[in-house]
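# Residue-level structural notes
Here is how the chains run, residue by residue.
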Protein chains: 2
Amino acid sequence: MNEPYLEIDPFKGIFGLDNLAERISEILKCPVTIEDANHRLLAYSTHDERTDPARIATIIGRRVPEKVINSLWREGSIPYLLNSDEPLRIKSITEVGLGDRVAISIRKKQETLGFIWALEIDHSLEDKDLHYLKMAGQAVKNHLLNLHTRKTEKEESYQEFFWQLLTGHLENVEEIKKKFKTLNLLPPEASSVLVFKFPGKIDSKTEKNISYILKTTQRIKVLFYTLQNNNLIVLASPKSTESTGDYDKFIKSFIIQMNERFGVGGIKGGCGTIHENCQRVEKSYQEALTLLELKDKFPQETEAIYSYQALGIYLFIPVLLEKRKNDGFENQYLKCLFEYDFRHKTQLYKTLEVYLENDSRINETANLLHIHANTLSYRLKRISEIGEINLDDYNQKMALLIDIKINKFNKSLL
Amino acid sequence: MNEPYLEIDPFKGIFGLDNLAERISEILKCPVTIEDANHRLLAYSTHDERTDPARIATIIGRRVPEKVINSLWREGSIPYLLNSDEPLRIKSITEVGLGDRVAISIRKKQETLGFIWALEIDHSLEDKDLHYLKMAGQAVKNHLLNLHTRKTEKEESYQEFFWQLLTGHLENVEEIKKKFKTLNLLPPEASSVLVFKFPGKIDSKTEKNISYILKTTQRIKVLFYTLQNNNLIVLASPKSTESTGDYDKFIKSFIIQMNERFGVGGIKGGCGTIHENCQRVEKSYQEALTLLELKDKFPQETEAIYSYQALGIYLFIPVLLEKRKNDGFENQYLKCLFEYDFRHKTQLYKTLEVYLENDSRINETANLLHIHANTLSYRLKRISEIGEINLDDYNQKMALLIDIKINKFNKSLL
DNA sequence: AAGGTCTTTGTGGATTTATACAAATATTAA
DNA sequence: TTAATATTTGTATAAATCCACAAAGACCTT
């Protein structure tokens, strides 16, 4: 008996993805889950109540929990599945509640459309079962291709609406709400625009990966996204409370994941202010763009800043430079230090900058400058003397750092 | 013998103030000094080499040392002399090197023109001597009146030149230098414009007092001064080095002296940037005016600020308010705190302001707010939590304080 | 009225900073 | 060149800050 189980396709002629899932489950004698490419739940078998925590969480949340996805990435399963049509046996990962299972990806050419998961609750699947699983994959593929084409039609009108929001074309609140309704979306209570600037052209493969991350993340709720030149623009609302921290974390993790998972480095990202009113999408978008511009001007200073609101003084620097130029103003205190540095080959100016940047913390500053803490103290004393600077005066300290940054910005423009 | 020494006026027909001083010295048999109303040395006797340190310093410096003047004010001699035609016997003040002496003021109506000082080195003056001193005063008065009228003529052209400088009418450096020469003045190597804003109209008595302080100070070198409405405008160069500290100290002491000596309170003063080029007098003047405007807006914050250069961030507030308005920006962190304060009747916003203003010093801030240091620590923790604020981030702290001041400025405009 | 949270004040110990002083080296001026 | 001054590093001590914990009062909800 070489291939006794090949006779006919047991998955033919089944209507509906749910029914297909049930059928696969019957054949393989184990719980089955079908996901799209972004790990959203499409269908799952119900006959069998044996299951594991990861599957329960997936069904409850209509998507695979992010920590499960992360561990499957780390452990190599997902990268394998994305590049192979063969079923993959995955060992249990108890930390995230994942039992033994077999998975197969559903692919069209190089593009992944989705996955089938079969849980090995009380028995391992045999070669025969894996063969059936591949056949099931073919059947599911046909269903997904249908879904896919229907989706892209819808996609068009989404994109159009999003650009209307971004460019502020829709002035009427009622109009916006109606449009949301038409697209079968709930107007978000609060949202913000995120912009990611890629180092080069975004190819179609990267596009897939972006889509993948945006659809799988659970830190924020992505409403729309679009690509323009090297930029990825996203409209998203916060997951739980109106916390700005969620955005920060997402942007950070997006950049890390694009780098670690897909080898795309050098991405810069940020978001505008969170707003309750969708009319303000345009402003939030502009703010995100401003943030990215300033990140170019002050790469080190703004490295850990991901939101417009957190830009602090760096937002002021361009307008203040203009004021300084109009006024013909030169900071005498800094001038003294600069000239002293020049004549004596010292680094008082730089020392002051790092000291102020680091909130006047002696130890931290000394470490950054690779000098002894007492050396720093001595230099600070000299800075006070030479520049007639009072380093206990907060106003003066602020003005000094701002002028230092203005000078830096001015130089960067030359 | 009732009045045996009255026969004729021994000071009649003497030409020149120096000769007059010698003559007085001969009659009284003691060293004599003649000063103008501003304690500038006009003449002194030379026959007698017996003297005291104060007199030596006066002759060397061509004026009475400031500390001597100060102690004579404190001790009451000068106030007396300004209001009396009678000679005054002054006890020695060893701290400032002043020996026993007799002084008389030379007055025309209520206006003091100068003083005669007679040192009692080895013998006290008798009533007869005091009588001669009064007669000497009459003789000196005639000399001084001559000087006085000649001065006011010159004064006119000084004033004109000063206003030309203040309004930037003189664009050519050579022209300015020539003008200085014409007026018999050395162009200053560096100078700055000081402006004092008086609470009300400056009457002629106050005018005299102003003139007195400006002419007697030795902290700065006054080149010109003029009055306009309630403002006193001064062009002065630093005494020794190019130190901005001299100006600060002078402005402070001017305000104190006007108050303590002449009972004129509520004066605000400040100076513009020190410049080497006299073409920049206009800018320095404008800067001083800007400083005074900001002192009105931020009375507490700028209380100890006397120079434009030391204004720090307060100089930025107006332009930043405009930016914030244009951008339609609202600081979310502060908004959180403000709303929390409103709902819970707490003072987190105010606490943050005082804490930041005082350079994040726990004890100082706690004292100012009249709360326990631990209460402050607790509030700061709550500020971090509620506003999602990181109080170890200098950039964020600066931005917070600036936005607090922007808000305050905005409110002050309503 | 009871229970919970928020706020204030207190205590004590670990950590950080301020400051003075000493010694070695580098730099500058005479 | 020497002598004076500036700079760096080290040690030691007092002062200030940070942090965890606890007790008590204020305020709110049930």
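Everything that follows concerns the structure shown earlier in this document.
Residues numbered from 1 in each chain as written. Chains lettered and ligands numbered in written order. Predicted model: local features only at pLDDT ≥ 70, side-chain atom pairs only at ≥ 80, totals over all residues. Heavy atoms only, no water.

## Regarding the protein's contact with DNA strand D
Put simply, the rule is: Working definition: residue near molecule or strand if any one of its non-hydrogen atoms lies within 4 Å of it. Each polar contact in these results corresponds to two N or O atoms within 3.5 Å; when the atoms are within protein, one needs to be able to donate a hydrogen and the other to accept it, and residues that are neighboring in sequence are counted only if both atoms are side-chain atoms. Helix numbering and strand numbering both begin at the N terminus, where a helix is a DSSP run of H or I of at least 4 residues and a strand a DSSP run of E of at least 2. Ten residues, namely Ala, Val, Leu, Ile, Met, Phe, Trp, Tyr, Cys and Pro, are considered nonpolar, four, namely Asp, Glu, Lys and Arg, are considered charged, and the remaining ones, Gly among them, are considered polar.
Surrounding DNA strand D, one finds 13 residues, the nearest of these being H372, N374, T375 and R382 of chain A together with N363 of chain B. A share of 66% of the atoms of DNA strand D within 4 Å of the protein falls on sugar and phosphate groups. Between Y340 of chain A and DNA strand D, the recorded distance is 2.9 Å, taken from a side-chain N or O atom to a phosphate oxygen. Between N363 of chain B and DNA strand D, the recorded distance is 2.3 Å, taken from a side-chain N or O atom to a phosphate oxygen. Listing elements by their share of the surface near DNA strand D, those giving two or more residues are helix 14 (373–387) of chain A together with helix 13 (362–369) of chain B. When residues of the surface near DNA strand D are assigned to their parent elements, the largest contribution, 5 residues, is made by helix 14 of chain A. Taken together, the residues of the surface near DNA strand D sort by class into 4 nonpolar, 6 polar and 3 charged.

## Observations regarding the relation of the copies chain A and chain B
The test is simple: Overlaid copies result from least-squares superposition on C-alpha atoms, with residues included only where pLDDT is at least 70 in both. Throughout, a contact is declared for two residues whenever any of their heavy atoms are within 4.5 Å.
Each copy of the sequence occupies a distinct position, and chain A is placed on chain B by a rotation of 180° and an axial shift of 0.1 Å, giving an RMSD of 0.2 Å. Taken together, these values place the two copies in the relation of a two-fold axis. In terms of proximity to the rotation axis, the leading residue of chain A is M398 of chain A, whose C-alpha is 3.3 Å off the axis. Here 100% of the contact residues of chain A are again contact residues in chain B; the copies associate through an equivalent surface.

## Remarks on the protein's contact with DNA strand C
Contacts to DNA strand C come from 14 residues, most closely from N363 of chain A together with H372, N374, T375 and R382 of chain B. Of all atoms in DNA strand C that approach within 4 Å of the protein, 60% are sugar or phosphate atoms. N363 of chain A is positioned such that a nitrogen or oxygen atom in its side chain is 2.6 Å from a phosphate oxygen of DNA strand C. At a separation of 3.4 Å, a base nitrogen of DNA strand C approaches a polar side-chain atom of N374 of chain A. Breaking the surface near DNA strand C down by element, the ones donating at least two residues are helix 13 (362–369) and helix 14 of chain A together with helix 14 (373–387) of chain B. Looking at the surface near DNA strand C, the element that brings in the most residues is helix 14 of chain B, giving 5 residues. When grouped by side-chain class, the residues that make up the surface near DNA strand C number 4 nonpolar, 7 polar and 3 charged.

## Thoughts on the packing of aromatic side chains
Here a ring pair, both rings aromatic, is described through the centre-centre distance and the interplanar angle of the planes. So the rule is basically this: Centre distance within 6.5 Å is the pairing criterion for rings of Phe, Tyr and Trp, where only the six-membered ring of Trp is used; planes under 30 degrees apart are then read as stacked, over 60 as edge-to-face, and the remainder as tilted. Here's how the labels work: a residue is buried when its accessible area is under 20% of the maximum for its type, exposed when over 50%, partly exposed in between, all with a 1.4 Å probe on protein chains only.
Scanning the model with the defined rule gives 33 aromatic pairs over all chains in all. Where Y394 of chain A meets Y394 of chain B, the ring centres are 5.8 Å apart and the plane angle is 75°; that geometry is what we call edge-to-face. Separated into two different chains, Y394 of chain A in helix 15 (residues 394–413) and Y394 of chain B in helix 15 (residues 394–413) make up a pair that spans both. Assessed through its relative accessible area of 1%, Y394 of chain B is described here as buried. Residues W73 of chain B and F262 of chain B carry aromatic rings whose centres are separated by 5.2 Å and whose planes lie at 90° to one another, so their mutual orientation is edge-to-face. Placement of W73 of chain B in helix 3 (residues 66–75) and of F262 of chain B in helix 8 (residues 245–262) is noted, with a sequence separation of 189 residues between them. Residue classification places W73 of chain B among the buried residues on the basis of a relative accessible area of 10%. You can call F262 of chain B buried: its relative accessible area is 17%.

## Thoughts on helix 10 (residues 317–327) of chain B
I317, V319, L320, L321, K323 and R324 of chain B are the residues of helix 10 of chain B that are buried. Its buried side turned inward, helix 10 of chain B meets helix 10 (317–327) of chain A together with helix 15 of chain B. Where helix 10 of chain B ends, the next residue or the one after it, G328 of chain B, has phi of about 60°, a positive value.

## Focus: the pattern of salt bridges
Rules: The salt bridge definition used is simple: a Lys or Arg side-chain nitrogen within 4 Å of an Asp or Glu carboxyl oxygen.
Evaluated as defined, the whole model comprises 37 salt bridges over all chains. Residue R101 of chain A pairs with D52 of chain A through a salt bridge whose shortest N-O separation is 2.2 Å. In this pair, R101 of chain A is assigned in strand 4 (residues 101–108) and D52 of chain A in the loop between strand 2 (41–44) and helix 2 (53–61), connecting sequence segments 49 residues apart. One exposure class covers both R101 of chain A and D52 of chain A, and it is buried. A salt bridge links K134 of chain B to E86 of chain B; its shortest N-O distance comes to 2.8 Å. Taken together, the residues span a long stretch of sequence, with K134 of chain B in helix 5 (residues 127–166) and E86 of chain B in the loop between helix 4 (77–82) and strand 3 (88–90) at a distance of 48 residues. Each of the salt bridges in this network shares a partner with another, and the network as a whole consists of E301, K350, E353, E357, K405 and K408 of chain A.

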